[in-house]
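Fold and contact review
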Amino acid sequence: VVSRIVARTTVLVSGMVALLAGRDLFFPGTILNFIPRDDIYLEWTGALIHSPPEDSPEAAEHGMEQAFFIGDKYLSQFMALNLLILCVYRFVAAFGIQYRSDGGGVVQARMIWKAQAVGNVLILYLFRLFASAANTASLDLRWHLMSLAYETFILFMYGFL
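In this text the structure is predicted, and so the values were computed from the model without any measurement.

**Focus: the overall build of the protein**
Each helix and strand counted, the protein has seven helices and zero strands in total. Across its three principal directions, the C-alpha atoms of the protein cover 65 × 30 × 25 Å. Across the 161 residues that make up the protein, the buried fraction comes to 35%. In the protein, the share of contacts with a sequence separation of at least 24, taken over all contacts with a separation of at least 6, comes to 61%.

**Quick look at the side chain of Ser14**
For Ser14, the position within the fold is in helix H1 (residues 4-26). When residues no more than four places from it in sequence are discounted, the contact partners of Ser14 are Thr9, Cys87, Arg90, Phe91 and Glu151.

**Some points on helix H7 (residues 142-160)**
In a regular helix each residue adds 1.5 Å, so 19 residues correspond to 27 Å; H7 covers 26 Å between its end C-alpha atoms and thus fits that length. Buried residues of H7: Leu145, Leu148, Glu151, Thr152, Ile154, Leu155 and Gly159, and no others. Those residues of H7 that are buried are in contact with H1, helix H5 (70-96) and helix H6 (104-136).

**Side note on the pattern of salt bridges**
Counted by the stated rule, this structure contains three salt bridges. Taking the shortest distance from any N to any O, the salt bridge between Arg90 and Glu151 comes out at 3.1 Å. Note that Arg90 is positioned in helix H5 and Glu151 in helix H7, a separation of 61 residues in sequence. What makes Arg90 buried here is its relative accessible area of 4%. Linked through salt bridges whose partners overlap, the residues forming this network are Arg23, Asp24 and Asp38.

**Re the environment of Ser76**
On the secondary structure map, Ser76 appears in helix H5. For the pair formed by Ser76 and Thr45, sequence separation is 31 residues and the distance between their alpha carbons is 8.8 Å.

**Let's talk about the packing of aromatic side chains**
As enumerated under the stated definition, the model contains four aromatic pairs in all. Aromatic pair Tyr74 and Phe78: ring centres 6.1 Å apart, planes at 20 degrees, arrangement stacked. Of this pair, Tyr74 and Phe78 are both found in helix H5, four residues apart, which corresponds to roughly one turn of the helix. The exposure class of Tyr74 is exposed, given its relative accessible area of 54%. Its relative accessible area of 41% is what places Phe78 among the partly exposed residues.

Calculation criteria
- Residues numbered from 1 in each chain as written.
- Predicted model: local features only at pLDDT ≥ 70, side-chain atom pairs only at ≥ 80, totals over all residues.
- Heavy atoms only, no water.
- Helix = DSSP H or I, 4+ residues; strand = E, 2+ residues; numbered from the N terminus.
- Buried < 20%, exposed > 50% of the residue type's maximum accessible area, 1.4 Å probe, protein only.
- Contact = heavy atoms within 4.5 Å.
- Expected span 1.5 Å × (residues − 1).
- Salt bridge = Lys/Arg side-chain N within 4 Å of Asp/Glu carboxyl O.
- Phe/Tyr/Trp six-rings, centres within 6.5 Å; stacked < 30°, edge-to-face > 60°.

Written as structure tokens, this is what we have:
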């Protein structure tokens, strides 16, 4: 492990992103009870329209229409797959690159962390665009933005400094 701080930050932030993306990929529309306000997240993202849970009010309301939203389900799962690949890449960059005596591991890790930091900035910008719309649906994205911004800050610190 080249940097324990980057590894811990990656486990915390990207681990949660991987959990949510895995749920969205393999079990779309499933509400995780240990995540606060997960039902509002699923409603806001439209997952309850294309994949309503069995015996729920959403299933009664959108059961007949769910076939029309198969494209939304495909795009949602495609995005979840891309986020999972990104998280696996972060885990490999944090834990798979070994510290070598010639300093090559640090150089490799710093190159990857720079690219990941720039990618995080783009994701942060995208989240920030939808933050006001999420507030109208009672979905508070502040914690998501803060944790992703913290990971971006750590990657910038260790990648560029």
